[in-house]
Amino acid sequence: MLDEIKFAIDGTQIKANKGDTILKAALKHGIYIPHLCDHPDLEPFGGCRLCMVEIKGKGLSISCKVPVEEGLEIITESPEVNKVRRIAAELLIASHHVDCLECARNTDCKLQDVASYIGIEEGRLKRLKRVIKDLPIDDSNPFFIRDLNKCVLCGICIRTCGEILNVGAIDFAFRGTGTLVATVGGKPILQSRCVSCGECVARCPVGALVPKNAERPTREVSTVCTYCGVGCGIKLGVRGGRIVRVRGDVNSPANRGNLCVKGRFGYDFVNHPDRLTSPLIKRNGAFVEATFEEALDLVASKLTDYKGDQFATFASARITTEDNYVVQKFTRAVMGTNNLDHCARL
Ligand code: SF4
Ligand code: SF4
Ligand code: SF4
């Protein structure tokens, strides 16, 4: 059992697990502390300085890096804390392309959360504005767009790509106000080591990394990815009968929320007009639509001509485990052969 630590946030007694950071413990108890660069899947970074708190007797500290200790007294709101947070937030917003109504992340944006919590004053922002970024949008990837004009330099994409994927396609480049997230040599992301998994897109807290053709779903359906035998849990975002988004199911033991490029972005086949939705039988040299009964009767009548090793089955990773079980049973018990293979070996 995890050791339990007792401490106080704004006078309220809190219990947390040993090793939890102050920010993690606060969020677990529904206490909001502004933050942008922290993510539960990643190591603490301490880059945005927004999660500043006061620890009684110890002074100011960033709460995403400090582990809880027995008896600590944390103050999340004080003139000093607010001053530091405000400056950090204003510097970010002053160089940000704020076009929320046109942004795919509008109403689902961590920078909006921070701004509304802190309360931004137009006059102060104007004084801070120096150079408005005008960086070219990288739309080289077939699945997502990088608009670094909206990047808040939280480093979540970089750490995701390194810590979770072990790919390391991107890193911070340049220094000071010129700091950017870049590929090696500043090439478009498609020409980098990126494997297009979209894990960074899923974690970016703002509109700097967004899927192409992003549409907001009206409901979600839990299911399993159709692509391979790993069986990743996915949540299909559905809108008007169409799949418009896929995200990983964090509760699935197979993938714990992570997905590869196929599972995350390869869903357009479902509603594709070229998709076969009924069996086709060749009649007089041309394929014509048939019912499943007709198709199955035809296949069954043809299969009676072949027995044993005259027959082989090629099963699929895209059907369920249960269907694959039935296929091998049919091959062995009905057709009498062990000639059975699977596309996962290709
Ligand atoms: S990233 Fe957030 S703050 Fe920036 S434009 Fe988009 S919604 Fe607005
Ligand atoms: S692109 Fe997104 S995740 Fe990456 S540093 Fe910028 S804001 Fe953070
Ligand atoms: S899509 Fe995947 S591989 Fe490409 S930069 Fe993002 S995390 Fe790295």
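Analysis parameters
Residues numbered from 1 in each chain as written. Chains lettered and ligands numbered in written order. Predicted model: local features only at pLDDT ≥ 70, side-chain atom pairs only at ≥ 80, totals over all residues. Heavy atoms only, no water. Core = buried A, V, L, I, M, F, W, Y, C linked by side-chain atoms within 4.5 Å. Buried < 20%, exposed > 50% of the residue type's maximum accessible area, 1.4 Å probe, protein only. Helix = DSSP H or I, 4+ residues; strand = E, 2+ residues; numbered from the N terminus. Domains from an automatic or database assignment. Near = heavy atom within 4 Å. Pairing = 2+ DSSP bridges. Axes fitted to C-alpha atoms, helices over the stretch in contact; angles between N-to-C directions. Lys, Arg positive; Asp, Glu negative; His and termini not counted. Salt bridge = Lys/Arg side-chain N within 4 Å of Asp/Glu carboxyl O. Polar contact = N/O pair within 3.5 Å; in protein donor to acceptor, adjacent residues only side chain to side chain. Contact = heavy atoms within 4.5 Å.

Here the focus is the nonpolar core. Grouped together as the largest cluster of nonpolar side chains are 38 residues, with contacts concentrated most on Leu36, Leu50, Leu111, Val152, Cys157, Ile170 and Val206. Among the elements that line this core, the one with the most residues is helix α2 (residues 79–94), at five residues. Counting contributing residues, this core receives three or more from each of domain 1 (4–128) and domain 2 (141–212). Formed by 21 residues, the second largest nonpolar core is a distinct cluster that contains Ile14, Ile22, Val66 and Val68.

Looking now at the domain arrangement of the chain. Splitting the chain by domain gives domain 1 (4–128), domain 2 (141–212) and domain 3 (306–346). Computed from C-alpha atoms alone, the centre-to-centre distance between domain 1 and domain 3 is 56 Å.

Near ligand 1 the following residues occur: His96, His97, Asp99, Cys100, Cys103, Arg105, Asn106, Cys109, Gln112, Lys150, Val206 and Gly207. For the shell around ligand 1, the two domains that each supply at least three residues are domain 1 (4–128) and domain 2 (141–212).

Here the focus is the pairing of strand β8 (residues 180–183). A two-sided burial pattern is seen for β8, the buried positions comprising Leu180 and Ala182 on one face and Val181 and Thr183 on the other. Counting the residues that bridge the hairpin from strand β7 (residues 170–173) to β8 gives six residues, and of these phenylalanine 174 lies at a positive phi of roughly 65°.

In this section: the sheet that holds strand β12 (residues 242–248). Ordered in space as β10-β11-β12, the three strands form an open sheet in which the pairing is antiparallel. Strands with a single pairing partner mark the edges of an open sheet, and in this sheet they are β10 (219–224) and β12. Taking the axes of each pair of neighbouring strands and ignoring which way they run, one obtains an average angle of 30° across the sheet. Bridge count for strand β11 (residues 233–239) against β12 is six bridges, and the pairing is antiparallel. Note that in β12 the partner of isoleucine 234 across the bridge is glycine 248.

Further remarks concern the side chain of lysine 235. Turning to its location among the elements, lysine 235 is positioned in strand β11. The buried charged residue lysine 235 lacks any salt bridge partner; its closest oppositely charged side chain belongs to aspartate 249, at an N-O distance of 4.4 Å. Of note is the side chain of lysine 235, whose polar atom sits 2.9 Å from the side chain of serine 222. When sequence neighbours within four positions are dropped, the list of residues in contact with lysine 235 reads Glu220, Val221, Ser222, Arg245, Val246, Arg247 and Asp249.

Topologically, arginine 175 is positioned in the loop between β7 and β8. With 41 residues separating them in the primary sequence, arginine 175 and arginine 216 have C-alpha atoms 36 Å apart.

Right, let's talk about the pattern of salt bridges for a bit. Overall, the coordinates contain 17 salt bridges when judged by the stated rule. Its salt-bridge partner being aspartate 20, residue lysine 28 comes within 2.9 Å of it at the nearest N-O pair. One salt bridge connects arginine 85 with glutamate 77, and the closest N-O pair in it is separated by 3.4 Å. One continuous salt-bridge network, built from bridges that share partners, spans Asp41, Glu199, Arg203 and Arg264.

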